[in-house]
Amino acid sequence: MKSNVMIVVAFIVGAVLAYLVLSFTGSEPATTQEEATAPGLLETIVSRGELKCGVSGTLPGFASLNSSGEMVGFDVDFCKATAAAIGVGLSIEALTAKERFTALQSGRVDVLYRNTTWTMSRDVKLGLDFHGVNYYDGQGFMVRKDGKIKNAKDMDGATVCVDTGTTTELNLADYFRSNGMKYKPVVFEGADKARAAYEAGRCDVHTTDASGLAGQRSALKNPNDHIILPEIISKEPLGPVTVHGDNKWGDVVRWVLNVLVVAEEKGITQSNVEQMAGSSKDPEVQRMLGKTGTFGADLGLSKDWAVKAIPSGGNYGEIFERNIGKSTPLKLDRGLNQLWSKGGLLYAPPIR
Amino acid sequence: MTPPRRDQPQSLIALWRNPVARAWIYQIAILLAVGLGAHTLFQNTRRNLEEKDTVSGFAYLANEASFGIGEILPVPVLEGGLIHLLIAIVAGLFLVFLLSRWQKRRGSTIGADTRLVIVVFILLFGVPLAVLFYSGDTIRAIHYTEANSYGVALMVGLLNTFKVSLIGCVLATLLGLFLGISRLSSNWLVAKLSETYIEIVRNIPLLVQLFFVYIAVLRTLPQPENSLRFFDVAILNNRGLYLPSPIPQDFANLFMLSIAATLTGIYFWRRHVKQRQDRTGEQLPFFLPSVAALVAVSGLVWLIFGTPFQLEYAELRGFNFVGGLELSPEFTAMLISLTLYTAAFIAEIVRSGIQAVSKGQREAAQSLGLRGGQTLRLIVLPQAMRVMIPPLTSQFLNLTKNSSLGTAIGFAEVVNISGTIINQSGQAIEPIALTMVIYLTFSLSISMLMNWYNAKMRLVER
């Protein structure tokens, strides 16, 4: 009994002492806060010599391993262009939808090019900054060709495979709720697992962004047994994301994306960029490729940042066609992702 | 217990030499170090969160979840009848506890006095049943939809974890007991089969087995239209296993009550039989009369008041089977792999427990004329239980914690749901902390229950 009393007393005394000590140290953090924000991400990346870019890793066409074990795809090419513009190496991290924001916030990656939908809550609540759109998408549904579903309204009572932590998961619920239909979600962590379950017949429907579905379909054993329904039920602007507040780093990410779009407008390609940099008479091209003006230095990059960025994967159109365009298994149409001057939504601010 | 007291220390050195004082100083120092560590961690996290402009706190739990969950159990709401019922149960347990303390002080046990046993029965079952009868109508449950809050979604996950863990623990214990005993069987084939099973299952990671059960088995199952049917009772396809579910009719409560009453009667009959045997050595029949009473009472109530339960069969409507009892592939895969895996470990615990009982006990039982089954049931297993309970507890804990692997195959358990919440609400630390608290609560409850059982089974030294 006696020793129990001693322990209790010791705890009380200890707690009081701990409280006293803590109340003295409690006011200190203010000073360390300023130190923590001092070096921007761009400086960190340059001194590290490597850009850490977060991608999906399991989505054919956008980011997946090729037969020689390299990560390739549409999103990966934007990572490469960004790294090339800064003039550093690139390290690619494959992240699940669930991990991605935590990975970004904790500094595991510097930027996400991971078919991430720009939404208000993510922008204002999660401490993230979106820097434009590299793919205008919408949510679609994939079903078996010989099944009972011919259009989206036939789906009442269906079982749906979906990837967790996505806007898709929420849109799905909204769509069925607003149409007074019922569904049974089977939620997986990782797009590849959702695809495997759909292929095994666990679900009638597989849903994600239409571009993602095209990629998923190309990875199925018999892609021709499956169709993607024409209905698109949501807006999914996918774009690069960085942590909130580091504007200098945000500018770099945003303008690398923009410059790839402008390059397509101006007809600057992977092969002719060197030559254009030397000979173009277009003042905007001259500013962009660093012949005139100080945009490179203003971004904190070298003068020829754009000349370095474009050869890595070409302009926006080249990146699109090589990874997900008509000649690839995904066979995606430019659609909304055509330049504004050709009826699409791609519209980069002028380089001026 | 305490070291001999000395005179009051005169100097600091004397204080340091005093073992009591030294122990205090150590404790306080360690406590300070732990407190400081926790404080630094907390402040650092808070600062980082503030810096990144993210929201923190637990207010998100009230926000609308707006994502769907495939596997839903009704979440009871803590109000009205449920509170009454919980109070009745807790009060009953507390009174029984007091009663047992009181009996212990008098050098006796509750079991020694039939009147006290009746009191315990009334406290533990009678009173809660009466409460259920009077205010059962006010018990309300939420059926989760997307419009409910994150908090309700988490509760759904918690109930799914609870469901698979509870059923898993029971099944794994039964299978493990069977395997452990067969491994010691004198039949060569049975012993070797059991050994092979144990060695294979125990040495393959659970996650691999889970994927095997889920993906490999699921792929071979047919679409709903071509379901496998077992006499139209069980229906199996790649959407799950469908069994008929009993739908209670008007007199279902009466039926259940009569069965409960009969079981109580059987319990007291067993007491009587045992006491009689202890006193006189005469063995009264127990098994046959019990079964006969159960059949007779339930049959009589059935005949007089009509069928208490109507079976509802699942039918194919649209894409899937509707109605009946539905076991989803995720739940079934989870349950099967948890059971098979944990049973292999429990089998080894059972074997070690049985082998820990000295051979002399078995030989003594045989020389007294007990048959093989009797020896096992009356002599070996009760003694083996004492050795088995502590490691069994840790297997139950493992099973419960392993149920978190459900997230890998899309089973809507607590880690899966809180993962979704993390991503949709954007708050990572709070949901993870909450998940840890949930598992800690589960584990500590299991430990507490098993420790109580252990204390009860322990050799009573006189």
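Residues numbered from 1 in each chain as written. Chains lettered and ligands numbered in written order. Predicted model: local features only at pLDDT ≥ 70, side-chain atom pairs only at ≥ 80, totals over all residues. Heavy atoms only, no water.

## Observations regarding the overall build of chain B
Stage number 1. Each helix and strand in chain B was counted, giving 14 helices and ten strands.
Stage number 2. Here the C-alpha coordinates of chain B stretch approximately 85 × 65 × 55 Å along the principal axes.
Stage number 3. Here chain B holds 462 residues, and the buried ones make up 35% of them.
Stage number 4. Restricting to contacts in chain B with at least 6 residues of sequence separation, those with at least 24 account for 75%.
Stage number 5. Accessible surface, chain B as shown: approximately 27000 Å² in total, 67% of it carbon and sulfur.
Stage number 6. Taking the average location of the 36 positive side-chain charges in chain B and that of its 26 negative ones, the two points are 17 Å from each other. (Helix = DSSP H or I, 4+ residues; strand = E, 2+ residues; numbered from the N terminus. Buried < 20%, exposed > 50% of the residue type's maximum accessible area, 1.4 Å probe, protein only. Contact = heavy atoms within 4.5 Å. Areas by Shrake-Rupley, 256 points an atom, 1.4 Å probe, with all protein chains shown as cover. Lys, Arg positive; Asp, Glu negative; His and termini not counted. Charge placed at Lys NZ, Arg CZ, Asp CG, Glu CD.)

## Quick look at the sheet that holds strand S10 (residues 325-327) of chain B
All names here are of chain B.
Stage number 1. Reading across from one edge, S3-S4-S5-S10 is the order of the four strands in this open sheet, with antiparallel pairing throughout. If you trace the sheet from one side to the other, it starts and ends with strand S3 (228-230) and S10, each paired once. Direction aside, the axes of adjacent strands within the sheet are offset by 15° on average.
Stage number 2. With three bridges joining them, S3 and strand S4 (residues 234-237) adopt antiparallel strand pairing. Each residue of the ladder has a partner; that of Arg 229, found in S4, is Ile 235. (Pairing = 2+ DSSP bridges. Axes fitted to C-alpha atoms, helices over the stretch in contact; angles between N-to-C directions.)

## As for the state of the cysteines
All names here are of chain A.
Stage number 1. By the definition in use, this model includes two disulfides over all chains.
Stage number 2. Through a disulfide, Cys 53 is tied to Cys 79; the S-S separation comes to 2.0 Å. Judged by the sign of its S-S torsion, about -60°, the bond between Cys 53 and Cys 79 is left-handed. Separated by 26 residues along the polypeptide, Cys 53 in strand S1 (residues 50-55) and Cys 79 in helix H4 (residues 74-86) bring together distant segments of the chain. (Disulfide = S-S within 2.5 Å.)

## A look at the nonpolar core
Stage number 1. One finds Phe74(A), Tyr135(A), Trp249(A), Ile268(A), Met288(A) and Leu289(A) to be the most contacted residues of the largest nonpolar core, which totals 57 residues.
Stage number 2. For this core, the leading source of residues is helix H10 (residues 247-266) of chain A, giving ten residues.
Stage number 3. Contact partners of Leu289(A), with chain neighbours within four places excluded, come to Ile268(A), Val273(A), Met276(A), Ala277(A), Lys303(A), Asp304(A), Ala306(A), Val307(A) and Ile310(A).
Stage number 4. In terms of nonpolar packing, the next biggest core, distinct from the first, is built from 50 residues, Phe188(A), Ala172(B), Phe331(B) and Leu381(B) among them. (Core = buried A, V, L, I, M, F, W, Y, C linked by side-chain atoms within 4.5 Å.)

## A few points about the environment of Ala112(B)
Residues and elements named next belong to chain B.
Stage number 1. With respect to the element layout, Ala 112 can be found in the loop between helix H3 (81-105) and helix H4 (114-135).
Stage number 2. In this structure Ala 112 comes out as exposed when scored by relative accessible area, which is 55%.
Stage number 3. Remark: the alpha-carbon pair of Ala 112 and Gln 275, spanning 163 residues in sequence, is separated by 10.0 Å.

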